[in-house]
Structure formats: structure tokens, C-alpha cells
Amino acid sequence: MPDEITDIDLEGEDENLRYEHFRFQADPGQTPIRIDKFLTDRITNASRNRIQNSADAGCICVNGKPVKSNYKIKPGEVVTIMLDYPPNDTSVIEAKNIPLDIVYEDDDVIVINKQAGLVVHPGHGNFDNTLLNALAWHYNAGTALDANDPRLGLVHRIDKDTSGLLLVAKNPFAKTFLAKQFFDKTTDRLYNAVVWGVPDNEGTVTGNIGRDPKDRLRMAVFPDGSQGKHAVTHYRVLENFHYVSLVECKLETGRTHQIRAHMKHIGHPLFSDARYGGDKILKGNNFAKYTRFVENCFAICPRQALHARTLGFEHPSTRKRMLFDSPLPQDMRELLDKWRAFFN
């Protein structure tokens, strides 16, 4: 039996997008055999084609070094492999004509600038009108798409009410290749957020993130490492408005609600983030004029003020570095303009 190493949690609205990790050691008497056959014989429900795609993406290693699928395993060698979980849902994804802001598309990848309010994946009461429903329309000319279709290659997720750049793979090889970059932390991901208060000019938040035992819809930070999974967020202040700040956050890891949970943990919840307490006046005074001003700000941006601004990755086929940048959406621009005017 393999040693199961770990699962990845990617930044997003849930933890269902995961990858399997296996470790094997060849017996001392192992006869030379192709590594794809070696692994096919040992991993349940893993086809040889699926394993070969993993090798092509650099996700099979022998003694820590990537190998091709025709590599012949030798006695005592240690093999590790990362495989994306095959979809379990046999239902179809209904096609919905939902407009998509497509920043870039080719045969391997599609980069989407997701609007706030759009759920990425069906589930938890949101089975229609999601990004996958929109992709089914885009891919399949308006007809339903099998949920097991390999083209539906979500590589990561962002929350329903977070706007910004999202990467989707269009074939199994691209999905595995890109997933490895997220696992190896070689992608570039920068977010802009409006937070309550003024943090230090720059800093790093380190603390395990896991489900809050008091509220299962929220994540909590466990700095002692007693629960959750390792998470690191780097941030710097871009603008200081005394009571709120515009910050840039760089993800070193990608956990569910990572930025939202980490910023709350250091005393600076995201502005208008109801789940983490940012939908109340946390800084400032009790004067009626200020209260009305903040309430107007909440009305302008009635969701967590978080935007996935920058996304960078190595292209699966060309191996060229690709970098995309998305300007702040209108609600966050108007919110910042209102705070700027308040102090003039």
C-alpha cells in the first residue's frame, strides 16, 4: 500500500479541490519495469494514461527527481506521484449563458476575470449559475456538459464574493502541470484588499488555518499549529486612510479564506466582510456623520473588499512565463474614492 503524503487546499470557497499524493519504495528484488506500469499496478482506479499525463507534467519523481513515463524503476528506489482526484459527481453541468470576462484563452488554458457574486463550482446550495455552468456554455455551444469532462479543469478557486483572476485548464495534462505549480508555490498571486485599521507598513502572517470549531462556515487561525494547515500571507500597505487601508497581499500558500482569516487574526478584518466581522464600524468615531458615511461605503461595496489582481504561471505547452493583471472593479474603486474624499 502507498504512503499517503498530503492533500492540497487551494485558495477558494471550499476544500473539495484536492490532489492525491502517493509514495512507494521498490522492493530490493524489483526487476526493471517501466514506471507507468509500476504505478498502474499499485494505484487503484488510476489509468496508465492518467499516470503518463502526470509524468509529462513533471509530477512523478524518483528519489526526488522528475522522470518520464518510460523510466525503468530499480530496486530500492523511492517513487512519489501527484494525481488530481477523478471527479466523483456523475451529474451533468447545465450550460448557462452567463457572461464571462475572458482575459486570455488558448488550447491549454483560459484566464477569467471573475465578477464578485459568481460561485465557482456547484455545491452547498449553489447548483446553477456558477462559473462551471458558464464554462459549459462556452465550451459546449450552449449544451450540457458531463461533470467528468476533463476540460473542466479548475486549478484553483476564489470565493463567491471575491473578484479577480482565475485560471482554468482545458485538458488533463494542463491541469496536472498547473496544479504542480500551485503545489510547488511557483505561481504569482497578488490580491488587493481594503481592511479595517492600519497594519504595519509591511509584514507576514504565519498561522495554521482550519475550520472554526464555533462556526463551520468560517476559518480560524491556529498559530500554535495544533490544528489546520500551514499558511503564510505577506502584505504591505498601499494607502492609509486612518480608519481603513488598501493593502496588497501575496499568498505563499493557498488555504480556504486565507487572506480573510489571516487579516482578521492580526486585528484588521476585510472591509464589509460579514463572515469575519468586517461589516461593522470597527475604527473611527460614533458621530452621526461618520456613521452615515461608513453605511454608504457598505452600500457601495456590500461584499468583502478583496480582489485577485495578479496571476502568473508557466504555460503548460510553451513553458513561457505568463503574467496577468486585473484592475480593481468598480465597487472597490468607488469605495476607495469615497475614503480619499472623506479626508480631503
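Parameters and conventions
- Residues numbered from 1 in each chain as written.
- Predicted model: local features only at pLDDT ≥ 70, side-chain atom pairs only at ≥ 80, totals over all residues.
- Heavy atoms only, no water.
- UniProt positions renumbered as here; feature names shortened; annotations may be inferred.
- Helix = DSSP H or I, 4+ residues; strand = E, 2+ residues; numbered from the N terminus.
- Buried < 20%, exposed > 50% of the residue type's maximum accessible area, 1.4 Å probe, protein only.
- Contact = heavy atoms within 4.5 Å.
- Core = buried A, V, L, I, M, F, W, Y, C linked by side-chain atoms within 4.5 Å.
- Phe/Tyr/Trp six-rings, centres within 6.5 Å; stacked < 30°, edge-to-face > 60°.
- Lys NZ or Arg CZ within 6 Å of the ring centre and 35° of its normal.

The name that an unreviewed UniProt entry assigns to the protein chain is Pseudouridine synthase, with the source organism given as Candidatus Enterocola intestinipullorum. Recorded under Sequence similarities (unreviewed entry), the UniProt text for the protein chain is reproduced unchanged: "Belongs to the pseudouridine synthase RluA family." Checking UniProt for the protein chain, the heading Catalytic activity (unreviewed entry) contains the comment "a uridine in RNA = a pseudouridine in RNA".

**Some points on the UniProt feature "active site" (unreviewed entry) in the protein chain**
Per the UniProt entry, the sites bearing "active site" (unreviewed entry) are Asp 159 in this numbering. In this fold, Asp 159 is placed in the loop between β12 (153-154) and β13 (163-169). Residue Asp 159 is classed as buried on the basis of its relative accessible area of 2%.

**A word on the environment of Gly 203**
Along the chain, Gly 203 turns up in strand β15 (residues 202-206). When its relative accessible area of 23% is taken as the criterion, Gly 203 is described as partly exposed. Distance in space between the C-alpha atoms of Gly 203 and Tyr 235 is 5.5 Å, their sequence separation being 32 residues. If near-sequence neighbours (up to four positions away) are discounted, Gly 203 is found in contact with Thr 233, His 234 and Tyr 235.

**Topic: the nonpolar core**
Ranked by size, the top nonpolar core spans 31 residues in total, and within it Leu 131, Leu 135, Val 168, Tyr 191, Cys 249, Ile 259 and Leu 270 carry the most contacts. Those elements giving two or more residues to this core turn out to be β10 (109-114), α3 (131-140), β13, β14 (188-196), β18 (232-240), β19 (244-251), α5 (258-265) and β20 (306-314). At six residues, α3 tops the list of elements feeding residues into this core. Grouped together as the second largest cluster of nonpolar side chains are 19 residues, Cys 59, Met 82, Val 109 and Phe 173 included.

**Considerations on the packing of aromatic side chains**
Centre-to-centre distance and the angle between the planes together describe a pair of aromatic rings. Within the structure shown, the criterion is met by 16 aromatic pairs. A ring pair is formed by Phe 173 and Phe 177, whose centres lie 5.8 Å apart and whose planes are at 35°; its orientation type is tilted. On the criterion of helical spacing, the pair formed by Phe 173 and Phe 177 is a turn pair, its members being four residues apart in helix α4 (residues 172-184). Like Phe 177, Phe 173 is buried. Aromatic side chains Tyr 290 and Trp 339 sit 6.4 Å apart centroid to centroid with 70° between the ring planes, which places their arrangement in the edge-to-face category. With Tyr 290 in helix α6 (residues 288-300) and Trp 339 in helix α7 (residues 330-342), the pair connects residues that are 49 residues apart, well separated along the chain. On the basis of relative accessibility, which here comes to 0%, the residue Trp 339 falls in the buried class. Joined through ring pairs, the aromatic side chains of Trp 196, Tyr 243, Phe 271, Tyr 290, Phe 293, Phe 298, Trp 339 and Phe 342 make up one cluster. We note Arg 42 situated over the ring of Phe 38; from NZ or CZ to the ring centre the distance is 3.7 Å.

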